[in-house]
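# Descriptive structure summary
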Amino acid sequence: MTDTAWKAVEALTPQPLTELFAAEPNRLETLTLDVAGIHFDWSKTHLDAAGLRAFAELADAAGLAARRDALFAGEAINVTEGRAAEHTAQRGEGSPDSVAQARGFQARMRALIDAIEADALGPIRHVLHIGIGGSALGPDLLMDALGRDSNRYDVAIVSNVDGLALEEAIKDFDPAATLLVIASKTFTTTETLLNAESAIGWMTENGVADPYGQVIALTANPEQAIEWGVDETRVLPFSESVGGRYSLWSSIGFPAAIGLGWDVFEELLEGAAEMDRHFRLSEPLRNAPVLAAFADLYYTQVRKAETRATFAYDERLRLLPAYLQQLEMESNGKRVTAQGQPVTRPTAPITWGGVGTDAQHAVFQLLHQGTHLVPVEFVAAIEPGDVLNDAHHRQLLLNALAQGAALMAGRDNEDLARAYPGDRPSSTLLLDQVDARTLGALIAFYEHRTFVNAVLLGINPFDQFGVELGKEMAKAADKGGMAFDPSTTDLLRRAGLGD
């Protein structure tokens with residue numbers, strides 16, 4: 001059934017965007033939605049009535065509704081690893097048992113935060129969070145977006161194993177007043193543990209008598225954390241069924257919960273839960289993650305676009321493109337189906353992007369006049385984050401909205417170097433404001449959009465075996481005795497890492 005549905009999708013005939021607006025007087029009503037403080041607009045994409053019908057039939061043939069129900073029911077939809085994907089349970093939308101477990105873990109985290117605030121671990125002023133991948137990208141996004149005016153604690157998030165990153169983070173920290181937070185789902189991640197050991201060494205060298213007394217572990221493997229040296233009372237667990245890149249809602253969000261305050265963290269969870277309910281209960285053609293996935297797949301499958309760009313027209317969301325790179329490419333950058341068969345069509349596009357007007361003066365030349373078709377997504381907020389002259393935010397929003405109009409309209413010129421072909425697609429996400437509730441809804445929207453893409457492509461978005469080979473070979477090279485290709489062997493020698 002999906003083969004037939006895909007053929008209908010692939011047979012779609014593109015119509016120019018300006019003609020679609022002329023032919024479909026209700027286009028705005030059909031392709032815009034307002035959910036959880038976010039206005040979504042896909043009217044400047046090439047989705048039309050025929051395309052929406054074709055994708056709706058594909059979603060039905062792929063069993064999207066059943067897969068969505070299985071996700072929320074806590075069924076083992078991560079088939080290659082034989083477990084559920086229960087990030088939604090962390091925000092109260094999932095199987096009752098999993099929601100209850102998540103609530104218990106959250107209560108444990110809040111109790112520990114209360115103890116830290118009462119100086120039970122000493123006079124803590126700094127929080128050094130060490131993780132990598134999903135254990136760092138989510139917390140970093142949250143703190144950068146919401147923590148700029150917070151004076152609760154100095155929070156630094158370190159992921160890179162490059163020692164310069166750790167040195168930069170701790171240069172103004174007092175070791176005696178620093179809480180070391182180690183975030184690792186397995187508590188075996190090489191880069192994270194090396195950084196953590198160096199942080200312990202820094203504390204010891206600077207006179208902290210019991211550095212392990214200032215350590216918190218965030219993990220789905222508490223036994224390993226305890227064996228490493230973390231006291232059992234300071235281990236904040238989360239479920240094995242919560243994937244790393246979906247884990248900021250769990251104890252991995254600890255730096256946000258302590259750095260922003262528990263009330264803010266709860267607002268984040270509730271915003272995500274509101275998007276969960278929208279995704280779970282809304283029909284496909286009035287469902288934000290579903291419509292977004294339809295647009296994504298139109299460009300990868302019908303127009304053969306290989307990339308998609310997201311531009312945040314708000315400094316507080318500058319880390320969003322980097323966050324989405326992991327979420328989308330680690331989830332859907334697959335070459336086999338969920339049944340283990342080779343994929344016969346493109347899967348995830350390359351996700352990239354940048355920040356606001358900076359990007360206009362760097363990469364928009366290619367978007368407007370280059371030979372690549374790149375669907376663009378603009379993310380902006382109506383309420384400014386600054387208290388300067390209103391002209392700042394006005395210019396920011398004007399540029400965001402004008403760029404979408406210019407990509408679509410184009411401009412003729414006898415001098416081809418000055419001509420803009422137009423008919424280039426974009427979507428816009430216009431947030432009422434950048435606060436915890438809206439940010440929670442925004443991130444949950446992207447999670448569900450990624451899931452819908454995976455279901456329609458027939459792949460599993462919840463494993464990530466592709467990240468393992470290079471790390472295994474790095475460990476083998478460190479131990480010695482492994483034969484590499486001539487180029488790698490020569491590079492290792494030149495870098496002083498081989499014979």
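Because the structure is predicted, anything quoted here is derived from the model rather than measured. For every chain, the first residue of its written sequence is number 1, and the numbers climb from 1 along that sequence. Reporting in this predicted model follows two pLDDT cut-offs: at least 70 for local features of residues, and 80 or more for side-chain atom pairs to be given and counted; totals over whole chains, interfaces and linings ignore these cut-offs and use all residues. Each side-chain value is worked out from all heavy atoms of the structure, with water and hydrogens disregarded.

### Remarks on empty space enclosed by the protein
If a probe as big as a water molecule is rolled over the atoms, it shows which places are left empty. Space inside and on the surface of the protein is sampled on a 1 Å grid over the protein atoms alone, with a cavity defined as a set of points where a 1.4 Å probe fits but cannot get out and a pocket as an open set with protein on both sides within 12 Å along at least 5 of 7 lines; lining residues have an atom within 4 Å of a point. Grid points are joined across faces, edges and corners, and a volume is the space filled by probe spheres set on the points. The full count for this structure, using the stated rule, is four cavities of 30 Å³ or more. Each pocket or cavity is described by its volume, and for the largest cavity that value is around 140 Å³. Forming the walls of the largest cavity are 18 residues, and the residues nearest its centre are Ala295, Asp296, Tyr299, Arg308 and Pro375. Mapped onto the lining of the largest cavity, the elements with two or more residues apiece are helix H13 (288-302), strand E8 (307-313), strand E10 (376-381) and strand E11 (426-431). A run of H or I in DSSP becomes a helix once it reaches four residues, and a run of E becomes a strand once it reaches two; helices and strands are each numbered from the N terminus. Among the elements that make up the lining of the largest cavity, the one with the highest residue count is H13 (five residues). Residues belonging to the lining of the largest cavity are distributed by class as follows: nine nonpolar, five polar and four charged. Quantified by volume, the second largest cavity comes out at close to 120 Å³. Lining the second largest cavity are 13 residues, with Arg308, Asn332, Ala348, Pro349 and Asn453 positioned closest to its centre. All amino acids are sorted into three groups, where Ala, Val, Leu, Ile, Met, Phe, Trp, Tyr, Cys and Pro are nonpolar, Asp, Glu, Lys and Arg are charged, and the leftover types, Gly among them, are polar.

### Here's the deal with the nonpolar core
Definition used in this section: a nonpolar core is a set of buried Ala, Val, Leu, Ile, Met, Phe, Trp, Tyr and Cys residues joined via side-chain atoms within 4.5 Å. Three exposure classes are used, based on accessible area relative to the maximum for each residue type with a 1.4 Å probe and protein chains only: buried under 20%, partly exposed in between, and exposed over 50%. By size, the foremost hydrophobic cluster in this structure holds 102 residues, and its most contacted members are Phe40, Trp42, Ile116 and Phe254. When residues of this core are assigned to their parent elements, the largest contribution, 14 residues, is made by helix H18 (residues 436-457). By the convention used here, residues are in contact when the closest approach between their heavy atoms is within 4.5 Å. Filtering out sequence-adjacent residues up to four positions away, Ile116 remains in contact with Leu121, Ile124, Tyr153, Leu179, Ile216, Phe254 and Ile258. Residues Ile130, Ala156, Phe173 and Leu193 belong to the second largest nonpolar core, which totals 24 residues.

### A closer look at unusual backbone geometry
Phi at Asp119 takes a positive value of approximately 70°, unusual for a residue other than glycine. Within the element layout of this structure, Asp119 appears in the loop between helix H6 (96-117) and strand E3 (126-130). Taking relative accessible area as the criterion, Asp119 reaches 46% and is therefore assigned partly exposed. With phi around 60°, Phe187 is a residue other than glycine that occupies positive phi space. Residue placement: Phe187 occurs in the loop between strand E5 (178-183) and helix H9 (190-205).

### Considering the environment of Met109
Examined against the element boundaries, Met109 turns out to sit in helix H6. Sequence separation between Met109 and Ala295 is 186 residues, and the spatial gap between their C-alpha atoms is 39 Å.

### Focus: helix H4 (residues 49-61)
Each full turn of the α-helix corresponds to 3.6 residues, which orients residues three or four apart in the same direction. Compared with an ideal rise of 1.5 Å per residue, which puts 13 residues at 18 Å, H4 spans 18 Å between its outermost C-alpha atoms and is within 8% of the ideal. Along H4, the residues that are buried comprise Gly51, Leu52, Ala54, Phe55, Leu58 and Ala59. Taken around the axis of H4, the buried residues stretch over an arc of 165°, which confines them to a single face. Of the residues in H4, the exposed ones pointing more than 90 degrees away from the buried face are Arg53, Glu57 and Asp60. Where H4 is buried, its residues contact helix H1 (2-10), helix H3 (27-31), helix H5 (64-73), H13 and H18. Gly63 sits one or two residues past H4 and shows a positive phi near 70°. In this analysis, the expected span of each helix is defined as 1.5 Å times one less than the number of residues it contains. To obtain the arc, one takes the directions from the helix axis to the C-beta atoms.

### Re the layout of surface pockets
Its volume calculated, the largest pocket comes out at about 880 Å³. Around the largest pocket sit 38 residues that line it, and Thr186, Thr189, Gln464, Val467 and Lys471 are the ones nearest its centre. Breaking the lining of the largest pocket down by element, the ones donating at least two residues are helix H7 (134-146), H9, helix H14 (320-332) and helix H19 (468-479). Considering only residue class, the lining of the largest pocket consists of nine nonpolar, 16 polar and 13 charged. There is about 590 Å³ of room inside the second largest pocket. Looking at the second largest pocket, it is lined by 30 residues, and the ones nearest its centre are Asp314, Glu315, Arg316, Gly385 and Asp386. For the lining of the second largest pocket, the elements supplying multiple residues, two or more each, are H7, helix H11 (254-260), E8, helix H15 (356-360) and helix H17 (390-409). Top element by residues in the lining of the second largest pocket is H17. It accounts for four residues. Residues belonging to the lining of the second largest pocket are distributed by class as follows: twelve nonpolar, nine polar and nine charged.

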